[in-house]
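Inside the fold
Each chain, letter by letter, is given below.
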Amino acid sequence: MLNTKISKEDLERISGVNTRKCMKCGKCSATCPNFDAMDYHPHQFIDMVDKGNIAPLLESKAIWTCLSCMACLQRCPRSVEPAKLIEAVRLAVVRQQGENRLAAEDIPELLDEDLPQQAIVSAFRKYKK
Amino acid sequence: MKYSYYPGCTLKTKAKELNNYAIRSAAALGIEMEEVENWQCCGGVYTASTDEIATKLSSVRALAQARDKGQDLLTLCSACHNVIKRTNNEILNNEDFSMKVNNYMGSDMQYHGETKVVHYLEMLRDVVGFDTLKSKVVNPLKNKKIAAYYGCLLLRPGEVMAMDDPENPQIMEDFIKAIGATPVIFAQRNECCGGYQTLNDKSIAQSRSEKVVSSAVKQGADCIITACPLCRYNLEANAVTELPVIYFTELLAQALGVKEVQ
Ligand code: SF4
Ligand code: SF4
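Looking at the domain arrangement of chain B
All names here are of chain B. When cut into domains, chain B gives domain 1 (2–120) and domain 2 (130–256). Measuring from the centre of the C-alpha atoms in domain 1 to the corresponding centre in domain 2 gives 23 Å. Tallying the contact residues gives 23 residues for domain 1 and 21 residues for domain 2. Taken together, both faces of the contact between domain 1 and domain 2 bury some 1900 Å²; the carbon and sulfur share is 72%. For the pair domain 1 and domain 2, the interface holds 1 salt bridge. In this structure, Arg232 and Glu17 form a salt bridge, with 3.1 Å as the shortest nitrogen-oxygen distance. Where domain 1 meets domain 2, there are 8 residue pairs in polar contact (both at pLDDT 80 or more). Of all the secondary-structure elements, those providing two or more residues to the side of domain 1 that touches domain 2 are helix H1 (16–28) and helix H3 (78–93).

Focus: the side chain of Ser215(B)
Here Ser215(B) shows up in helix H9 (residues 202–218). Those residues in contact with Ser215(B) that lie beyond four places of it in its chain are Phe186(B), Ala187(B) and Gln188(B).

A look at the sheet that holds strand E7 (residues 223–226) of chain B
Residues and elements named next belong to chain B. Read from one edge of the open sheet, 4 strands run E6-E5-E7-E8, paired in parallel fashion. Unpaired on one side and paired on the other, strand E6 (182–184) and strand E8 (245–247) mark the two borders of the sheet. For this sheet the average axis-to-axis angle between neighbouring strands, irrespective of direction, equals 40°. As paired elements, strand E5 (residues 145–148) and E7 share 3 bridges and run parallel to each other. Paired with Ala148 across the bridge in E7 is Ile225.

So, the packing of aromatic side chains
Residues and elements named next belong to chain B. Under the definition given, this model contains 4 aromatic pairs over all chains. In textbook terms, an aromatic cluster arises when at least three aromatic residues are bridged by ring pairs, as seen for Tyr120, Phe175 and Phe248. A cation sits over an aromatic face here: Lys56 above Tyr46, 5.0 Å from the ring centre.

A few points about the state of the cysteines
All names here are of chain B. Under the definition given, this model contains 0 disulfides over all chains. Cys9 supplies the cysteine sulfur nearest to Cys41, a cysteine that is in no disulfide, at a spacing of 4.0 Å. Cysteine Cys228 is unpaired, with the sulfur of Cys231 as its nearest cysteine sulfur at 3.6 Å.

Thoughts on the domain arrangement of chain A
Residues and elements named next belong to chain A. You can read the domains of chain A as domain 1 (8–98) and domain 2 (101–129). Using only C-alpha atoms to locate each centre, domain 1 and domain 2 end up separated by 24 Å. For the pairing of domain 1 and domain 2, the buried interface totals around 590 Å² over both sides, and the portion due to carbon and sulfur atoms is 59%. When the buried area of domain 1 at its contact with domain 2 is split by residue, Trp64, Arg90 and Val94 rank highest and sum to 74% of it. Counting across the domain 1 and domain 2 interface gives 0 salt bridges. For the pair domain 1 and domain 2, the number of links is 4 residue pairs in polar contact (both at pLDDT 80 or more). With 3 residues, helix H7 (residues 82–94) is the single largest residue contributor to the side of domain 1 that touches domain 2. Residue composition of the side of domain 1 that touches domain 2, by class: 5 nonpolar, 1 polar and 2 charged.

Basis of the calculations
Residues numbered from 1 in each chain as written. Chains lettered and ligands numbered in written order. Predicted model: local features only at pLDDT ≥ 70, side-chain atom pairs only at ≥ 80, totals over all residues. Heavy atoms only, no water. Domains from an automatic or database assignment. Contact = heavy atoms within 4.5 Å. Buried area = accessible area lost by both parts, 1.4 Å probe. Salt bridge = Lys/Arg side-chain N within 4 Å of Asp/Glu carboxyl O. Polar contact = N/O pair within 3.5 Å; in protein donor to acceptor, adjacent residues only side chain to side chain. Helix = DSSP H or I, 4+ residues; strand = E, 2+ residues; numbered from the N terminus. Pairing = 2+ DSSP bridges. Axes fitted to C-alpha atoms, helices over the stretch in contact; angles between N-to-C directions. Phe/Tyr/Trp six-rings, centres within 6.5 Å; stacked < 30°, edge-to-face > 60°. Lys NZ or Arg CZ within 6 Å of the ring centre and 35° of its normal. Disulfide = S-S within 2.5 Å. Nonpolar A, V, L, I, M, F, W, Y, C, P; charged D, E, K, R; others polar.

Right, dumping it as structure tokens:
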């Protein structure tokens, strides 16, 4: 069972993000190249964590589909760095027992001949503890 | 000039060409790349949270070994470069993180950010110099229109990576000019290809890589160059539009006349 009692303080500590710095301009979400594949967008992560509305984020699709491309982090005019907060929410999930997104057993059937090792190690780093 | 060199997992396996052409070209330019002994995989993606310590130790060990030799640490794969440079930056700027890292390190391997991390492209620009490189080209790649794909890892976060302007970079275009070809600027050159989604949600990797490749085709590119094996794989395997994707070191070796093994 996913523990949804993750606090704003936990997430701010893990990520180093201060949600109060956000001026709600929406630029992070406007520049996100993966907008369509995310059910919650970077500005919503900032806003919802700020308000303590964290459970929906822990169960979101977006923590898995975020590309970790840092476009939102680079282009935020207030250096809020939303990508770091999204990563912290993902970590708050995969650090729990039984909540890995990817298992070593899943890998063989995902392999193709040209797939670089980098794809596998980075998937483990993002989706597994 | 001699560097400590960190190849990383993929350059020893699926991306051998990226590695081999780099070493051969460097030699032709008077640069020696001495591989870090017993290097370990960097993990392929940097975890920004400062309470992730163990996942960063492989980078710290490579950094400490370069320091002990009095050499800068040369990287080539975009992902390794991003992970190692950001780890180094965190050690320099976050005392608490640095202390925790050093608690894991042997007493003879304490590390405080002394090493300079240099990407191969930066070495070409800042140490060799693009003018010198140009003068050493024996097979200029005339009439070739090349799209330089930066992706996200070489440039961001801009303040930390400090390779170039993160929104309007020119280092790879200058490289293309130095080897005698024509650079093609395209809108998606510093937008993510979605490579990290390859094993999680292929449809995302497909739609992102298609956007990148079609953007380059639209501007009339003959090929795309990259420094990242995952970008290369993703742009080739997951985009519908077809365009050759080549490691920049392959074109470098070709221009310098060292592509074929003597
Ligand atoms: S890091 Fe994630 S949220 Fe931020 S721009 Fe990239 S895909 Fe969007
Ligand atoms: S770009 Fe920065 S300031 Fe603007 S909404 Fe996003 S996090 Fe807030």
